[in-house]
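# Architecture at a glance
Residues per chain, in single letters:
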Amino acid sequence: MTTNEGSPVPYREVFAVGVFRTLFVGQTLMVISEAMKMLALSLLVFARTGSPLMAAVAYMAGMLAYLVGGTLLLSLADRISTRPLLVTFHLVRFCVIGVLAFVVLPVPVVLILAAVIGLFGPVAEGNATALLADVLRDRSYITGRSLMTAAAAASQVIGHGISGLLLITMSAYGVLATASAFCLVAAVVTWFGLRDSPRRGADRPDRADRADRVDGVDHADRADRPASTPGASPLRRLLRTGAAASTWQVNRQLLADRHIRGLLLAILVPTSLAVGAEGAVVPYTADMGQAPAGLLLSAMAGGMLLSNVLIGRFAGVETAERLVLPLIYLTGGGLVAFALRPGLPVAVALAAASSAGLGYEIGLQRRFLQALPEHARGQAFGLVSTGLMSGQALGAVAVGALTGIAGAGLSIAVFGALVIAAGVLLRRHLLPGRKAGPASPQIDRVVAETRCARSLPLPSCPDESRTDVQDRSY
């Protein structure tokens, strides 16, 4: 699928993969609906409370739950098949957003329901990203990831644009109802689009083909498969997996690896600070009407879209890696300029320029993928999603609180300065370095031990479905 080392992969080759097309469309619909929901809830809560802090909490409420999901449930990303997991996730979002659209609820209840949506977000995103890494190899994965990120940014632009148009003729509740419909369409597309897709790890040898192997067993070959104990209900199998314990232990080992930890911080911290600054957008445009908030948020998403398309498609891997640090400084500098509290046209331009710098993340993807143990990819990618969503949510809450004291413009500028500071402190991990090696072997051992203990079907574990004692000794 590739030609010269370091050269970009054409988009048409990535779109030729059916699984990628389905994941691409499903994510696009999901992000559109999420952008609409976030803006609508922020406007509703700000109108009812007049509090910038509460508006920021409402905007990021769904992301706050990512921290809980990433702490307790993330190991399920490597255990459950992608199709039922994603379809269920889309249907839950359809139901919850539908309730928010048609039932007038107290603000605390609104925030709780908005948070529920994000509980399984890291599991779904981690599973889908790991499947993406399975079906797109080498640099095709980097191109696919840049496309997915660009699609997410474009979807935010579309979602905010649709919201702005709808708000001209209807209330924020109408925006929520439309967002709910997008969730249902995403569930249908995913159900039919992934109908014939292989399970994660299905391209690897079957268990029966390796049952007689004693030495040299590759744990990565089995950890991506979901548990399958005959005679047990899906709920019972889920309860037996000990998701919380396994999630916590593997997360701890991933974070203990110095190289993985450094790359995680490099991916998470600048982006979380920059996107968290969006929590001050509604108060910043409060005296301009409702539509300008959607315009400013669309500009932020548009800059990210442009950078991901240009870098992911034309720059090549090595060039993208060299651009990481300059792009982070661009992001921080654009936000710092909000201290001058520019008018809407200049603010839109600054928002687009600053968010364009977030394309730096593409330059870290190859090293991060190379550093991961294959059998824990789903959990590692879910850990990234958890960190991004939780960091952005906490950043938005912090900028909302700061806005109540210092004003929206200065608050955004403070977060821009923090982005620049993060670039300086993480410079060692942001600059191109030696090719990443594999993760510590201890991660392999911990994953194998926890999953054997939780009745997951690793080849080195006793097979509970066998009755022949001799067969159980392998």
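Residues numbered from 1 in each chain as written. Predicted model: local features only at pLDDT ≥ 70, side-chain atom pairs only at ≥ 80, totals over all residues. Heavy atoms only, no water.

## Quick notes on the pattern of salt bridges
What counts is decided by this rule: In what follows, salt bridge is the name for a side-chain nitrogen of Lys or Arg lying within 4 Å of a carboxyl oxygen of Asp or Glu. A run of H or I in DSSP becomes a helix once it reaches four residues, and a run of E becomes a strand once it reaches two; helices and strands are each numbered from the N terminus.
A full pass over the atoms with the stated rule returns four salt bridges. The residue Lys37 makes a salt bridge to Glu34 at a minimum N-O spacing of 2.9 Å. In this pair, Lys37 and Glu34 both sit in helix H2 (residues 18–49), three residues apart, roughly one turn of the helix. Linking Arg366 and Glu321 is a salt bridge whose minimum nitrogen-to-oxygen distance equals 3.2 Å. Taken together, the residues span a long stretch of sequence, with Arg366 in helix H18 (residues 362–371) and Glu321 in helix H15 (residues 317–322) at a distance of 45 residues. It is possible to trace a salt-bridge network through shared partners that takes in Glu34, Lys37 and Arg93.

## Topic: empty space enclosed by the protein
In this approach, a probe sized like a water molecule rolls over the atoms, and the result shows the empty space that is left. As a reminder, the rule being used: Cavities and pockets are defined on a 1 Å grid built over the protein atoms alone: a cavity is a set of grid points where a 1.4 Å probe fits but cannot escape, while a pocket is an open set with protein on both sides within 12 Å along at least five of seven lines, and lining residues are those with an atom within 4 Å of any such point. Grid points are joined across faces, edges and corners, and a volume is the space filled by probe spheres set on the points. Each residue is assigned to one class: nonpolar for Ala, Val, Leu, Ile, Met, Phe, Trp, Tyr, Cys and Pro, charged for Asp, Glu, Lys and Arg, and polar for all the others, Gly among them.
Tallying each qualifying case throughout the model produces five cavities of 30 Å³ or more. A volume near 1,100 Å³ is recorded for the largest cavity. Surrounding the largest cavity, 46 residues form its lining, Gln27, Val31, Glu125, Ala152 and Met389 being those nearest its centre. For the lining of the largest cavity, the secondary-structure elements that each account for two or more residues are H2, helix H3 (52–72), helix H4 (82–102), helix H6 (121–135), helix H7 (139–169), helix H12 (258–276), helix H14 (291–315) and helix H19 (377–406). Sort the elements by how many residues they give to the lining of the largest cavity and H2 lands first, with nine residues. Considered class by class, the residues forming the lining of the largest cavity number 25 nonpolar, 15 polar and six charged.

## Observations regarding helix H20 (residues 408–425)
Stated precisely, the cut-off is as follows: In a helix, the anticipated span is given by 1.5 Å times the number of residues less one. Partly exposed describes any residue whose relative accessible area lies between the buried limit of under 20% and the exposed limit of over 50%, with all areas from a 1.4 Å probe on protein chains only and scaled to the type maximum.
Here H20 spans 26 Å end to end across 18 residues, near enough to the 26 Å set by a 1.5 Å rise per residue. For H20, every residue scored as buried is listed here: Ala408, Gly409, Ser411, Ile412, Ala413, Phe415, Gly416, Val419, Ala422 and Gly423.

## Observations concerning the environment of Arg21
Selection rule: Any two residues having at least one pair of non-hydrogen atoms within 4.5 Å are treated as being in contact. Each polar contact in these results corresponds to two N or O atoms within 3.5 Å; when the atoms are within protein, one needs to be able to donate a hydrogen and the other to accept it, and residues that are neighboring in sequence are counted only if both atoms are side-chain atoms.
In this fold, Arg21 is placed in helix H2. Overall, Arg21 belongs to the partly exposed group, its relative accessible area being 40%. Along the chain, Arg21 and Gly193 lie 172 residues apart, while their C-alpha atoms are 8.3 Å from each other. When neighbours within four sequence positions are excluded, Arg21 is seen to be in contact with Phe15 and Ala16. At a separation of 3.3 Å, a polar atom in the side chain of Arg21 contacts the main-chain carbonyl oxygen of Ala16.

## Quick notes on the confidence of the model for the chain
In plain terms, the rule: Each residue gets a pLDDT score, which is the predictor's confidence in that residue and runs from 0 to 100.
Averaged over all residues, the pLDDT of the chain equals 75, while 77% of them reach at least 70. Across residues 453–474, confidence stays below pLDDT 50; counting only partners more than four residues off in sequence or on other chains, it has 49 contacts.

## Here's the deal with the packing of aromatic side chains
Two aromatic rings are characterised by how far apart their centres lie and by the angle between their planes. Which entries qualify depends on this criterion: Pairing of aromatic side chains requires ring centres within 6.5 Å, counting the rings of Phe and Tyr and the six-membered ring of Trp. Pairs whose planes differ by under 30 degrees are stacked, by over 60 edge-to-face, and all others tilted. Distance and angle both matter: a charge sits over a ring if NZ of Lys or CZ of Arg is within 6 Å of the ring centre and within 35 degrees of the ring normal.
Within this structure, the stated rule accounts for four aromatic pairs. Between Phe15 and Phe20, the ring centres sit 5.3 Å apart and the planes meet at 70°, which makes this aromatic pair edge-to-face. For Phe20, a relative accessible area of 0% gives the class buried. The interplanar angle of 35° and the centroid separation of 5.8 Å between the aromatic rings of Phe20 and Phe24 together place this pair among those described as tilted. With Phe20 and Phe24 both in helix H2, this residue pair falls four residues apart, about one helical turn. Taken together, the ring pairs in this structure connect Phe15, Phe20 and Phe24 into an aromatic cluster. Stacked on the ring of Trp191, the Lys or Arg Arg83 has its end atom at 3.5 Å from the ring centre. Positioned above the aromatic ring of Tyr284, the side-chain terminus of Arg341 is 4.4 Å from the ring centre.

## Focus on a nonpolar patch on the surface
The condition is simple: Patches here: salt-bridge-free residues with over 30% relative accessible area, like charges joined within 9 Å, nonpolar side chains (Val, Leu, Ile, Met, Phe, Trp, Tyr) joined within 5 Å. Using the Shrake-Rupley algorithm and a 1.4 Å probe, accessible areas are obtained, with residue cover drawn only from the displayed protein chains.
Together, Leu91, Leu184, Val188, Trp191 and Phe192 make up an exposed nonpolar region whose accessible area comes to about 450 Å². No other element matches helix H8 (residues 172–193), which puts four residues into the nonpolar patch. Residue position: Leu184 is located in helix H8. Overall, Leu184 belongs to the partly exposed group, its relative accessible area being 36%.

## Comments concerning the nonpolar core
We apply this condition: By nonpolar core is meant a set of buried Ala, Val, Leu, Ile, Met, Phe, Trp, Tyr and Cys residues that side-chain atoms within 4.5 Å join together.
Among the nonpolar cores identified, the biggest contains 119 residues, and Phe20, Leu23, Phe368 and Leu430 are the most heavily contacted of them. With 15 residues, the top contributor of residues to this core is H2. In this structure Phe368 touches Ile260, Leu263, Leu264, Ile267, Ala380, Phe381 and Val384, once residues within four positions along its chain are discounted.

## A few points about the packing of helix H16 (residues 324–336) against H20
Applicable threshold: All axes here are fitted lines through C-alpha atoms, helices being fitted over the stretch that makes contact, and every angle between N-to-C directions spans 0 to 180 degrees. Each angle receives one of four descriptions, namely roughly parallel if under 35 degrees, roughly antiparallel if over 145, roughly perpendicular if within 65 to 115, and oblique otherwise. In this scheme the crossing of two helices becomes right-handed for a clockwise turn of the near helix relative to the far one and left-handed for an anticlockwise turn of less than a right angle.
Where H16 meets H20, the axes come as close as 7 Å, and the angle between the chain directions of the two elements is 160°. Between H16 and H20, the angle falls in the class roughly antiparallel. Judged by the twist between their axes, the crossing of H16 over H20 is left-handed. Residues Leu325, Ile328, Tyr329, Thr331, Gly332, Gly333, Leu335 and Val336 of H16 form the contact with H20, whose participating residues are Ile412, Ala413, Gly416, Ala417, Val419, Ile420, Gly423 and Val424. Its residues placed into classes, the contact of H16 with H20 shows eleven nonpolar, five polar and no charged.

## Details of the packing of H2 against H8
With their axes 8 Å apart at the nearest point, H2 and H8 run at an angle of 160° to one another. As judged from the angle between their axes, H2 and H8 are roughly antiparallel. Our pair here, H2 against H8, has a crossing hand that is left-handed.

## A closer look at the side chain of Thr403
Tracing the sequence through the fold places Thr403 in helix H19. Residues contacting Thr403, with those up to four places away along its chain left out, are Pro52, Ala280, Pro283, Ala408 and Ser411.

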